[in-house]
Each structure stands twice: as structure tokens, then as C-alpha cells.
Amino acid sequence: MTDIPEDLNKVDERWLTEVLTESHTISHDNKVVSITKDTHGAGLGYLSEIERINVNYAFNEGEYPEQLIAKFPTPSPKSRALATLFDSYQREVLFYRDYAPDLDIRTPRCYWADIEEEPTVSKLVNKILQLLPDTVVVRLLDKLLESAGQNQRRSGLLLEDLSSARVGDQVEGCDVADAEAALRSIAKFHSAFWGQSFDDVDWIHPGSNQSKVQHGLFMKALPAYKELFADLIDETVSEQLNWLIEHGVEVLEKCSRNTTLIHGDFRLDNIFFQSDGSDPILIDFQTVNVYTPMTDVAYFLLPNLHDDNQDSQMDLVRYYWEKLTENGVSDYSWEDCLADYELAQWWLIHRGVILIGLVDFSHPRGGLLIETAVRRGLKGGLASLPLPW
């Protein structure tokens, strides 16, 4: 079994040779003789460190990958705390191991995925936390985040380079054609897991898991959100936020209906469009969970549609539902889909507040991305949502 490097700096020719040989990517008599690292993706995987690695082999006769994508936990304590708290690294490693190979949608080929065993002390702490009431855990949030940010559990991925495809750009936004293509892929993803139970899979959790803790993160982040978007927070938006203060936990729990496995971070930067018109390739599975699929749809539409295409929102919701039914989901009515989408938009506001306050967006694009998404969502309709109850 190949060792897990401490970080990207420890990824070298010897290690890559071992990994590519074990995965039967190269023959046993071949080896990696030199590499160069491209920081093209550095800073863009907010919970992770990402680099493209250019590879040269002793023998180049076979179809060996000339570029690879290496993905390892972020060195940023703030972002690492969030990833550790919600088990993001383990989710992605095990998703690529256990589910991606059998999916009827394109994901990057995974050459290697591994994570260290959870330390005994950490296991014990997590078991204790699961026994504590959420209200107690919320009071411990600051200490939990500080501790989680120091977690040194190793993990990593070595993935196919997708640079031949066109990656989406959440800051730029997309047109209706790209939105439809993305929704086709996510409808296939959702339908593949529709009706499946994950009760025996200990690393896949309900989206409403620790709902009071999630709401505690919302409350912690709310002042920063209000400060950053003061120009957009009118009386109506202020009323929405006050309503979420009182009902945020209910929203999170009500989204646990008509469930399937969802992507959890379904946005343009995690979608690669193919020039031949085939369905896009999905990446980044750090937040897969069991929830209403309309949270993925809401998370995608308003924050990612170009401003000129915001009026197509409901047509695209209908398009998604039609593709879901075409892929074999027969017990999800259009009326249920609409009701879930309305609720998912409230979830989206709640999640947007959490992201603003807790993710370390020190990279310039990171700050621009999240600010653009929130502003686009508020201007595109979230600011005028009527209170649901």
C-alpha cells in the first residue's frame, strides 16, 4: 500500500511511480522519471490544495496520462476546520472508491484515493459529540473549529486532468444551453441513487445532520454577511434573515424529504463541458449527502445563471424535473418538485450565510466568486421570496 504524502510538496517521481503501477496505469517495467508542477488550480479548491502535475515516463509507448491532478487537504486552518467538521475529505475519497466507478455519468478517472484511519482519540471525541445535544455542541463551536483546524489526518486524490474540456465559470455565469447540459448530468446523478438507503453507510449523512450545529454556524456567520451585503439588505431581506434566525433549523429538517444522494456543491466551477456535446463531467464530491435534490438545483440556478438568463429559472426547474423522470424517477410529482424547490431556496440563503462567514476565501477569486453568487441570487429572486410559514 502506497504511503499518503503529507502534502503536495511530498508528491515526487518515486511516489507517482508506485501509485500508477498499483493502479495498473503504467506497466511494472516503466517509471516516472521527471515531473513539473503547475499551480493552475492552486487556491481554487477552497477546502483543498490542488496542482496539475506534468509527467514524463521512462517509456512513452503506452497511453499514459501526461498530466494528473493532485488534490490534498488545505493548509489553511480555517478551511480545514470546516472540512474536518463535516468530514469532507473522507466523503470524497470514499465516493471515488465506492461509487464513482459504477456511475452512468462522467467523473474524472481516479488513479489513487486514500485517507488515514481516524485516530483513536478523534473517534472517541466524535462519539461523545454524537451523544451530546446539538445545543451543547453549538456552544462548543469555537473550540471545535479551533481543534478541527489543527487536524493533521492525511488524505489525497490523484485524478484525471480534464483540461481538454471547458470548465464552467461561476463568476461569469452561464447561458441556458450550458444550464440545461449541467442539469442533465445532475438529473442522472440523482436518479442513480433515487430510493436507495444509505443507513448502513457510516460516511454518508443526511443533509439535515446536526441541523442545530449548522444553524449555529449560520448565527456565527450572520454579522459578516450583513456587513458585506449591507447595500442589498433592505427591509424585505432583513425580514427574511430574521425569519431564518427563528426557523433555520426547521428549514434544514424539512429539506429531508423526497431524498436521494446529492452532489452538495453543484456549481459551474465543478462542471466541465465537453466539446462533442455529450453530458458534462462532474467533479468535487466533498459534500455528498442525502437530501432533497432540489437543494442541488437551487444551489446551481440563481447563483450560476448569467444575469441575462435569470428569467429562465423556472423553465430550467421544469427541464430538470423532466430529465429526472426520463431517467426512471416515477414517484416525484411536478407539484412536489415545485414545493421542494421553494424550500430549497430558503436553504440556499441559509447556506450562503454560512459560506460567507466560515470559508477562508483569501484567494482573490474565492472572495469574488462567493460575493458574485450571493449578489446574483439576491438580485435574481431570493430577495423577494415570500415567507413560507
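These lines cover the structure that appears in this document, whether it is placed above or below. (Residues numbered from 1 in each chain as written. Predicted model: local features only at pLDDT ≥ 70, side-chain atom pairs only at ≥ 80, totals over all residues. Heavy atoms only, no water.)

Turning our eyes to something else, we now look at the environment of Ala339. The residue Ala339 is located in helix 12 (residues 334-358) in this model. When its relative accessible area of 35% is taken as the criterion, Ala339 is described as partly exposed. For the pair Ala339 and Met294, spaced 45 residues apart in the sequence, the C-alpha separation amounts to 9.4 Å. (Helix = DSSP H or I, 4+ residues; strand = E, 2+ residues; numbered from the N terminus. Buried < 20%, exposed > 50% of the residue type's maximum accessible area, 1.4 Å probe, protein only.)

Quick look at the sheet that holds strand 5 (residues 155-160) now. One open sheet accounts for 5 strands, arranged 1-2-3-5-4; its pairing is antiparallel. Strands with a single pairing partner mark the edges of an open sheet, and in this sheet they are strand 1 (32-38) and strand 4 (110-115). The average angle at which neighbouring strand axes cross in this sheet is 25°, direction not considered. Relative to the sheet, helix 3 (residues 88-98) contacts strand 2 (48-57), strand 3 (67-73), strand 4 and strand 5, its axis offset from that of strand 4 by approximately 140°. (Pairing = 2+ DSSP bridges. Axes fitted to C-alpha atoms, helices over the stretch in contact; angles between N-to-C directions. Contact = heavy atoms within 4.5 Å.)

Along an α-helix, a turn takes 3.6 residues, which lines up residues three or four apart on a common side. For helix 6 (residues 141-148), every residue scored as buried is listed here: Leu141, Leu144, Leu145 and Ala148. Buried residues of helix 6, seen end-on, are gathered within an arc of 95° and therefore sit on one face of the element. Turned more than 90 degrees off the buried face of helix 6, the exposed positions are Lys143, Glu146 and Ser147. (Arc of directions from axis to C-beta.)

What follows is about the nonpolar core. Membership of the largest hydrophobic core comes to 58 residues, with the highest contact counts inside it found for Phe95, Leu183, Phe189, Leu261, Met294, Phe300 and Leu301. Broken down by secondary-structure element, the contributors of at least two residues to this core are helix 3, strand 4, strand 5, helix 7 (176-192), strand 8 (271-273), helix 10 (294-304), helix 11 (313-326) and helix 12. Setting aside its immediate chain neighbours within four residues, Leu183 contacts Phe266, Val297, Phe300, Leu301, Leu316, Tyr319 and Tyr320. (Core = buried A, V, L, I, M, F, W, Y, C linked by side-chain atoms within 4.5 Å.)

With that out of the way, let us pick up the packing of aromatic side chains. Under the criterion given, the structure shown has 21 aromatic pairs. Consider the rings of Phe266 and Phe300, whose centres lie 5.1 Å apart with planes at 35°: the pair is tilted. Remark: Phe300 occurs in helix 10 and Phe266 occurs in the loop between strand 7 (260-262) and strand 8; sequence separation between them is 34 residues. According to the relative accessible area criterion, Phe266 is buried, its value standing at 1%. Grouped by ring-pair contacts, the aromatic residues Phe95, Tyr96, Tyr99, Phe189, Phe193, Phe198, Trp203 and Phe285 constitute a single cluster. The cationic tip of Lys254 hangs over the ring face of Trp389; the distance from NZ or CZ to the ring centre is 5.1 Å. Over the face of the ring belonging to Trp334 we find Arg318, whose NZ or CZ atom lies 4.7 Å from the ring centre. (Phe/Tyr/Trp six-rings, centres within 6.5 Å; stacked < 30°, edge-to-face > 60°. Lys NZ or Arg CZ within 6 Å of the ring centre and 35° of its normal.)

At a closest axis distance of 9 Å, the pairing of helix 8 (residues 211-228) and helix 9 (residues 235-254) adopts a crossing angle of 150°. Between helix 8 and helix 9, the crossing angle belongs to the class labelled roughly antiparallel. Crossing hand, helix 8 versus helix 9: right-handed. Listed contacts from helix 9 to Ser211, Lys212, Gln214, His215, Phe218, Met219, Leu222, Tyr225 and Lys226 of helix 8 are Leu241, Leu244, Ile245, Gly248, Val249, Leu252 and Glu253. When the residues that make up the contact of helix 8 with helix 9 are grouped by side-chain class, the tally is 9 nonpolar, 4 polar and 3 charged. (Parallel < 35°, antiparallel > 145°, perpendicular 65-115°, else oblique. Left-handed = near helix turned anticlockwise from the far one by under 90°. Nonpolar A, V, L, I, M, F, W, Y, C, P; charged D, E, K, R; others polar.)

The subject of this paragraph is the state of the cysteines. Counting across every chain of the model gives 0 disulfides. Here Cys255 stays free of any disulfide, with the sulfur of Cys337 as its closest cysteine sulfur at 13 Å. Judged by its relative accessible area of 1%, Cys255 falls in the buried class. (Disulfide = S-S within 2.5 Å.)

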